[in-house]
Amino acid sequence: MAAEPIDGKSSPFPGHLVALGLLGLAHLPFVAVQCQTLWRLEYYQFFPFAFAAFAYLFHQRAVRGSFRWGLINSALVALDVALLVAGALYPSPFLVYVGAVVLCFAVSRSYADNEFDCSLGYLILLLVITIRIPLGYDAEVIAWLQTVTTRVGSRLLNFFGFLHLRQGNVIEFPDKRFLVEEACSGVQSLFTVLFLGTLVICGYRRKLLHAVLVLGTGFACAGLMNVLRIFIISVAWSQSQVDLSTGWQHDAIGYAALAAAAFLVFSADAFWDFFFFAVPDTRGMGVSSIHRNPLIVLWNRVFWRPPRQSAPKRKPGIRPGLSAMLMAGAALVCVSTMALQVMAL
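Cut-offs used in this document
- Along each chain, residues carry numbers from 1 onward, in the same order as the chain's sequence is written.
- This being a predicted model, a pLDDT of at least 70 is required before a residue's local features are given, and a value of 80 or more before pairs of side-chain atoms are given or counted; all residues contribute to the totals for chains, interfaces and linings.
- Hydrogens and waters are ignored; side-chain quantities use all the structure's heavy atoms.
- The helix and strand labels rest on DSSP assignments: H or I over at least four residues marks a helix, E over at least two residues marks a strand, and numbering proceeds from the N terminus.
- Three labels apply to residues, based on accessible area from a 1.4 Å probe with only protein chains included: buried if under 20% of the type maximum, exposed if over 50%, partly exposed otherwise in between.
- Residue contacts follow a heavy-atom distance rule, with two residues in contact if any of their heavy atoms lie within 4.5 Å.
- Distance and chemistry together define a polar contact, namely a pair of N or O atoms within 3.5 Å, with one atom able to donate a hydrogen and the other to accept it when in protein, and with adjacent residues in sequence counting only for side-chain atoms on both sides.
- By salt bridge we mean one thing: a side-chain nitrogen of Lys or Arg within 4 Å of a carboxyl oxygen of Asp or Glu.
- Under the pairing criterion, centres of Phe, Tyr and Trp rings, with the six-membered ring standing for Trp, must be within 6.5 Å; the plane angle then separates stacked pairs below 30 degrees from edge-to-face pairs above 60, leaving the rest tilted.

Participant: Where do I start with the environment of Ser234 in this structure?
Facilitator: Position of Ser234 among the secondary structure elements: in helix H9 (residues 208-240). Assessed through its relative accessible area of 1%, Ser234 is described here as buried. In sequence terms Ser234 and Ser154 are 80 residues apart; their C-alpha atoms lie 9.6 Å from each other. Ignoring anything within four residues of it in the chain, the contact list for Ser234 reads Leu157, Ile171 and Phe173. Here Ile230 takes part through its backbone oxygen, which lies 3.0 Å from a polar atom of the side chain of Ser234.

This is the structure in structure tokens:
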């Protein structure tokens, strides 16, 4: 990567990038532990794809030589160091993992987007979605989704006249009982659908309100598809005595429901984009920009990203003395925190 200019000259060594690299290296032991924990949970097994999507989009969109640093980025790095030290001392892989995400946010927002007049900070959504819900609240989400999915599926069966009895998370027919387990509750596909929604948001550079609507639609679509999955399994047994609750048939229905929910997420993004596209800021033929409508300006600022018209501005580079201090401090933090993590492991 090109070095930063210092007083019109090129810095021979990008010390600030080396410092950030050393700081990132300090997270590796506990980040690996946290990734192992995530992999044991089926509904978080999409996280390698999130990592790959973040790295690919960052590589494709970052403007080389556009590195900018400011007070917010410094505060983010300070927060990351605090989380890293606290996680190494506690010890807590979760805190170190969150610190790594914070550091990635600081780095991504320091680079400009190559097509639009914004930074790459929006890419952090791909990593935020991989942070496990703390304090065991993900288990409560599982239980809540099981209950809601079972209740809605039972009502749908009642509406179409299929005789059954619902007891908790069990749907019981005269000669068969179906337990709505985690895989059927919507959890396994819900987080994956939310990841796909996040991928759409980052891929198309959606603004905040548009992103919230896409994620909300994804949540609803995942729930709807899982209710239909339970309904199909129940009807297949009630009408034809075909058991679709086990084996490859159950897996096939699950993947089909996931694919349908993903398709609905992409469709929802196009639907919301129809309402939130940019409005031309003119009142008629030949009208100059001096007559700009303030409501149109506000609308476009909220829902639209303007394309980049010129090369991003760059602040003066980091002085060599300060660069050396940053590398020394990052090396000290890296060695000490990695030692604490290895001792804890």
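Text resumes after the structure shown.
Participant: Just to check I follow, could you spell out the pattern of salt bridges for this structure?
Facilitator: Working definition: two side chains of opposite charge can pair if their charged atoms are close together. As enumerated under the stated definition, the model contains 6 salt bridges in all. For Asp273, the salt bridge goes to Arg206, with nearest N and O atoms at 3.3 Å. Of this pair, Asp273 sits in helix H10 (residues 247-275) while Arg206 sits in the loop between helix H8 (187-204) and H9, placing them 67 residues apart in sequence. Under the relative-accessibility criterion, Asp273 is labelled partly exposed at 29%. Within the structure, one salt-bridge network assembled from shared partners comprises Asp113, Glu115 and Arg205.

Participant: What should I look at first to understand the packing of aromatic side chains in this one?
Facilitator: The description of an aromatic ring pair rests on the distance of the ring centres and on the angle between the ring planes. Across all of its chains, the model carries 20 aromatic pairs by this definition. Considering the side-chain rings of Phe58 and Tyr111, the 5.5 Å spacing of their centres and the 80° angle between planes classify their relative orientation as edge-to-face. Taken together, the residues Phe58 in helix H3 (residues 47-61) and Tyr111 in the loop between helix H5 (93-108) and helix H6 (125-128) connect sequence positions 53 residues apart. In this structure, Phe58 and Tyr111 share a single accessibility class: buried.

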